[in-house]
Amino acid sequence: MGLRVTDLAKRYGRTTALDGMSLDLRPGVVYGLFGRNGAGKSTLLGCLGNRLIPDSGSLELDGEPLAENEPAMERTYLADERLPWWPGRSLESILRDCGRIYGGFDREFADTLAERFGIDVECPYNRLSLGRRTASRMAIGLCLPVDYLFLDEPTLGLDPVARTLMARSVIEACARRSRTVVISTHDVAEFAGVIEAAVVIDHGRRLDRFDVQDLYRHAAVLSGPASAVDAAVGRLGLTVLDRECHGMSANVMVALDSGADVWEGVPDGTDDGADDGSDVGCDDPAAALAARVGGGVHVRTPDLRTYVIRLIQERN
Amino acid sequence: MGDLTRLKGIWTTAETKSATGTGFAGRRAGVAAWPSADGRRRTVVSRRGWRVAWRYEMRFVIFIIAFCAVMMAAVTFCCAVLGMWSNGGLKPLCLWCAAVSAAAAYLVPRYAICHGVSRRTGVTAQYFGNVVVSAVVTVLLAVVERVNRAIDAMLASYDGFCAVRVQELATYPDALALAPRYLDDLSAAEQGWRRNEPNWIIFLVAAFAFVFTATMVGQLVGEACSRLGAKRTVIVLLVFVVGVPLLASVLMYANPYTIRPVAMRAFDAVDTALAFTMGILQHGSLEGGDWDCAFSLWPLLASAAVVSALCAIGSMLLDRRRELRPAVAVG
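In the annotation of an unreviewed UniProt entry, the entry for chain A reads ABC transporter ATP-binding protein, and the organism field reads Bifidobacterium phasiani.

J.: Lay out the overall build of chain A in plain terms, naming residues and giving numbers.
T.: Summing up its helical and strand segments, chain A has ten helices and 14 strands in all. For 316 residues, the compact-globule estimate of 2.2 N^0.38 gives 20 Å, and chain A sits close to it at 22 Å. For chain A, the exposed surface amounts to about 12,500 Å²; the carbon and sulfur share of it is 48%. One way to put it: in chain A the 35 positive side-chain charges average out to a point 7 Å from where the 48 negative ones average out.

J.: Any details on helix 10 (residues 304–315) of chain A? Residues and values, ideally.
T.: Given 3.6 residues per helical turn, the α-helix brings residues three or four places apart onto the same face. Residues and elements named next belong to chain A. With twelve residues, helix 10 should reach 16 Å at 1.5 Å per residue; the first-to-last C-alpha distance of 17 Å fits that figure. Those residues of helix 10 not exposed but buried are Leu304, Tyr307, Val308, Arg310, Leu311 and Ile312. Structurally, the start of helix 10 carries an N-cap: the backbone nitrogen of Arg305 is 3.3 Å from a side-chain oxygen of Asp303.

J.: Describe the side chain of Lys41(A), naming the residues involved and giving the relevant values.
T.: Residue and element names in this part refer to chain A. Relative to the helices and strands, Lys41 resides in helix 1 (residues 41–48). At 4.9 Å, Glu153 is the nearest oppositely charged side chain to Lys41, a buried residue that forms no salt bridge. Residues contacting Lys41, with those up to four places away along its chain left out, are Leu33, Phe34, Gly35, Arg36, Glu153, Ser184, His186 and Ile201.

J.: Outline the packing of aromatic side chains, supporting the account with residue identities and numerical values.
T.: To describe a pair of aromatic rings, you give the distance between the ring centres and the angle between the ring planes. Residue and element names in this part refer to chain A. This structure, assessed with the given rule, holds three aromatic pairs over all chains. A ring pair is formed by Tyr77 and Tyr102, whose centres lie 6.5 Å apart and whose planes are at 90°; its orientation type is edge-to-face. Of the two residues, Tyr77 sits in strand 6 (residues 76–79) while Tyr102 sits in the loop between helix 3 (91–101) and helix 4 (107–116), which places them 25 residues apart along the sequence. Residue Tyr77 is classed as buried on the basis of its relative accessible area of 3%. When the centroid spacing of 5.3 Å and the interplanar angle of 75° are considered together, the rings of Phe210 and Tyr307 count as edge-to-face.

J.: Run through the pairing of strand 10 (residues 205–211) of chain A, naming residues and quoting values.
T.: Residue and element names in this part refer to chain A. Of the strand pairs in this sheet, strand 9 (residues 197–202) and strand 10 are connected by six bridges, and their pairing is antiparallel. For Val199, the partnering residue across the bridge sits in strand 10 and is Arg209. Connecting strand 9 to the next strand, strand 10, in antiparallel fashion are two residues, including His203 with a positive phi near 50°.

J.: An account of the sheet that holds strand 14 (residues 298–300) of chain A is needed here, citing residue identities and associated values.
T.: Residue and element names in this part refer to chain A. As summarised here, the arrangement of the four strands in space is 12-13-11-14, forming an open sheet in which the pairing is antiparallel. If you trace the sheet from one side to the other, it starts and ends with strand 12 (239–246) and strand 14, each paired once. Averaged over all pairs of adjacent strands, the angle between strand axes in this sheet comes to 20°, irrespective of strand direction. Summarising the sheet, strand 12 and strand 13 (residues 249–255) pair through seven bridges and their orientation is antiparallel. Looking at the pairing, His246 lines up with Ser249 of strand 13. On the sheet, helix 8 (residues 226–236) packs against strand 11 (219–225), strand 12 and strand 13 and is oriented at approximately 140° with respect to strand 11.

J.: Outline helix 1 of chain A, listing residues and values.
T.: Counting buried residues along helix 1 of chain A, seven of its eight residues qualify, which places the element largely inside the surrounding structure. Asn50(A) sits one or two positions beyond helix 1 of chain A and adopts a positive phi of about 65°.

J.: Pulling in residues and values, what's your account of the packing of helix 8 (residues 230–252) of chain B against helix 9 (residues 259–277) of chain B?
T.: Residue and element names in this part refer to chain B. Interaxial distance between helix 8 and helix 9 falls to 8 Å at its minimum, and their mutual angle equals 135°. Between helix 8 and helix 9, the angle falls in the class oblique. Where helix 8 abuts helix 9, its residues Ala248, Leu251 and Met252 lie against Ile259, Arg260, Ala263, Met264 and Phe267. In terms of residue class, the contact of helix 8 with helix 9 is made up of seven nonpolar, no polar and one charged.

J.: Give me the confidence of the model for chain A: which residues, what numbers.
T.: All names here are of chain A. Averaged over chain A, the pLDDT score is 86; the fraction of residues at 70 or greater is 91%. Within chain A, the element-level pLDDT minimum falls on helix 9 (residues 285–293), averaging 74, and the maximum on strand 8 (residues 180–184), averaging 96. Taken as a whole, residues 269–281 scores under 50 in pLDDT and shows 26 contacts with residues more than four places along the chain or in a different chain.

J.: Explain the sheet that holds strand 1 (residues 3–12) of chain A to me, using residue names and the numbers behind them.
T.: All names here are of chain A. Across the sheet, four strands lie side by side as 2-1-4-5; this open sheet has antiparallel pairing. Unpaired on one side and paired on the other, strand 2 (15–25) and strand 5 (64–65) mark the two borders of the sheet. Pairing between strand 1 and strand 2: eight bridges, direction antiparallel. Residue pairing in the sheet places Leu8 in a bridge with Met21 of strand 2.

Thresholds, definitions, all that
Residues numbered from 1 in each chain as written. Chains lettered and ligands numbered in written order. Predicted model: local features only at pLDDT ≥ 70, side-chain atom pairs only at ≥ 80, totals over all residues. Heavy atoms only, no water. Helix = DSSP H or I, 4+ residues; strand = E, 2+ residues; numbered from the N terminus. Rg over C-alpha atoms; globule rule 2.2 N^0.38 Å. Areas by Shrake-Rupley, 256 points an atom, 1.4 Å probe, with all protein chains shown as cover. Lys, Arg positive; Asp, Glu negative; His and termini not counted. Charge placed at Lys NZ, Arg CZ, Asp CG, Glu CD. Expected span 1.5 Å × (residues − 1). Buried < 20%, exposed > 50% of the residue type's maximum accessible area, 1.4 Å probe, protein only. Polar contact = N/O pair within 3.5 Å; in protein donor to acceptor, adjacent residues only side chain to side chain. Salt bridge = Lys/Arg side-chain N within 4 Å of Asp/Glu carboxyl O. Contact = heavy atoms within 4.5 Å. Phe/Tyr/Trp six-rings, centres within 6.5 Å; stacked < 30°, edge-to-face > 60°. Pairing = 2+ DSSP bridges. Axes fitted to C-alpha atoms, helices over the stretch in contact; angles between N-to-C directions. Parallel < 35°, antiparallel > 145°, perpendicular 65-115°, else oblique. Nonpolar A, V, L, I, M, F, W, Y, C, P; charged D, E, K, R; others polar. pLDDT = per-residue confidence, 0-100.

And the structure:
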């Protein structure tokens, strides 16, 4: 069950937007889709929203093909920079239209969102400011009765207050109706408290995919004397994602991939025959890592934004 | 031809499984195999998809009909008052219907695809939209013609090429016969001047064929424009608007013994083919004064069917890979 993307490829002329992208989106989970400009986020969402036709690969929703399959397509909606109505119409008439096109459109929540973002519903859409146009498009998407909602740049042009409100609105929308939401944004920090799982892509390929609560399994920040930190990193064979020096001390972010020696001997709670900590069974990997690095080196979990940025930088 | 062969598989209908989502109840719907690059994609249509596509299509249908009604009423009234004749001029109506059909083909899928409507549903909805438009415009034309006859408006001009041909075709009941009817220009003019009571069935069929062909051509043009993009569309338009007349002028001033006769024959062939599609077959030479016309409905219907079918296939092929691309750098 869920939305499965398998080996998706898409090219625009000589530009490769997606290069063998594979992904599984579970029902009822809020995903963050992160990556640099041109990484392929909008193209991926375009394919999921049936606006783009992939060159190869497949998209399946609950085992059914998604492309050109109307019963499946009507369970998805992509809210991006394009308003699928005549832009001279007011938000009020668009919302009325939504009610007619989509049975179960949450008009009450739509009115709440319009008030929250200060949108004059009688004003023609194309006369709204950039931020309010974005808020309008996202509000429409959040109120539609779809099972899979894709939000492309939901904070484009929004002020800091509205960005916070947008993140809160996503949570409210999910509370009102369970759905899978994929948020493609550069505002990682703003949505850090909203998303449950993250997908990081670059150059049309998936770099990483993890549950946010399991971020501590993907990376750790080692802090302490620079010499001790470097020695620990070298001894354990950790991949350095970032390094900051402050005098004689250093903060080093390392990737905790399964090949690292840090998990050697750590019981992981699974019976795959290898105690490598990779099977999400290790209760306190930070403590396990701290026990191994020793020498006054502290271990903590990085914040999502920093991890995503460093991961992308490291791969580039 | 390869495309035609591939299209044969499009309408292979089957039964699909129910949708299993939580938001929408599963329903049974017709499935059509849809050929694609990977050969695996299928189109599944639903009632909601049709409803959404038709909702957008209807706006253009109403737009065309309203404009045609207003225009015909206004022109007819003004011409009648001024003692002139409009006869429900079909040529501008055809152009108008083609233009709006092109706009609909360009714009409707932009909105419909965003609402989960399959490309096949969108393009098929416009076929039906074209039928509705053509039928209503044809009826309006018949009403205008009837009013013209009632107030005895006079035939003033042969400029309205399509309208005149429709009227000519409809004036002769035996035009339905397979054998074409030959008339010289003078006879045709006299017949037109007398304004015999037309065969209304032929009138309706001929007018419908004209308008429907125009809307189908318009749909193909709209799809082609969306595929080409704005810049390429402008270039193609410039080629047609400037390039073709320029080329024709150059050919006319070319060597009178080698190139010009060939060009003249080519232009004549094009004229003859166009006239044939209108139900007219020219005989003899205009210079010799023995230029005859053959009126028959069949060439018109046949050409309308062929052109419409080609436009339908072309539209479907163009729409099959239609995309709404984000702003990306295209290498």
